Amino acid sequence: MAKSSNQKLKILYLMELLNEKSQRNEMASMQEIIDFLAEKGIQAERKSIYDDMDALRIYGMDIRYNRKRPGGYYLAVEEAN
């Protein structure tokens, strides 16, 4: 796949989407992620998104995946006592 000029921004847009979704207590499906990136002018395949999610986890983000329907990615948020 040819890289678009915005390709280096992809991981930042993923962070933005996950933060927005977590604030609304929602999950982001793979198709939502691909569509969101497409709106930003970035073509992405599932494999590259999996790699980006792993990179964000290494960075320190607590990204989880829910396999149940409706499934999707979300940020785990610890509740204050």
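Bear in mind that the values here come from a model prediction, so they are computed numbers and not experimental data. (Residues numbered from 1 in each chain as written. Predicted model: local features only at pLDDT ≥ 70, side-chain atom pairs only at ≥ 80, totals over all residues. Heavy atoms only, no water.)

Undergrad: So what exactly am I meant to see when it comes to the packing of helix α1 (residues 10-23) against helix α3 (residues 46-59) here?
TA: Each pair of packed helices can be described by the angle between their axes along with the distance between the axes. Between α1 and α3, the shortest axis-to-axis distance is 10 Å and the interhelical angle comes to 75°. Considering the angle they form, α1 stands roughly perpendicular to α3. Contacts between α1 and α3 pair Lys10, Ile11, Leu14, Met15 and Leu18 from the former with Ser48, Asp52, Met53, Ala55, Leu56 and Tyr59 from the latter. Its residues placed into classes, the contact of α1 with α3 shows 8 nonpolar, 1 polar and 2 charged. (Axes fitted to C-alpha atoms, helices over the stretch in contact; angles between N-to-C directions. Helix = DSSP H or I, 4+ residues; strand = E, 2+ residues; numbered from the N terminus. Parallel < 35°, antiparallel > 145°, perpendicular 65-115°, else oblique. Contact = heavy atoms within 4.5 Å. Nonpolar A, V, L, I, M, F, W, Y, C, P; charged D, E, K, R; others polar.)

Undergrad: In this structure, what is going on with helix α2 (residues 30-39)? I would like to understand it.
TA: Side chains that are three or four residues apart share a direction in an α-helix, a result of its 3.6 residues per turn. Regarding α2, the residues found buried are Met30, Ile33, Ile34, Phe36 and Leu37. In an axial view of α2, the angular spread of the buried residues amounts to 160°, which keeps them on one side of the axis. Residues of α2 that are buried make contact with α1, α3 and β2 (72-75). Following α2 by one or two positions, Gly41 has its phi on the positive side, about 85°. (Buried < 20%, exposed > 50% of the residue type's maximum accessible area, 1.4 Å probe, protein only. Arc of directions from axis to C-beta.)

Undergrad: What exactly am I supposed to notice about α3 here?
TA: Between its terminal C-alpha atoms α3 stretches 20 Å, which fits the 20 Å expected from 14 residues at 1.5 Å a residue. Considered for burial, the residues of α3 that qualify are Ile49, Asp52, Met53 and Leu56. Buried residues of α3 fall within an arc of 105° about the axis and therefore sit on the same side. Those residues of α3 that are exposed and aimed more than 90 degrees away from the buried face are Lys47 and Ile58. Packed against the buried residues of α3 are α1, α2, β1 (63-66) and β2. Where α3 terminates, the next one or two residues include Gly60, which has phi positive at roughly 125°. (Expected span 1.5 Å × (residues − 1).)

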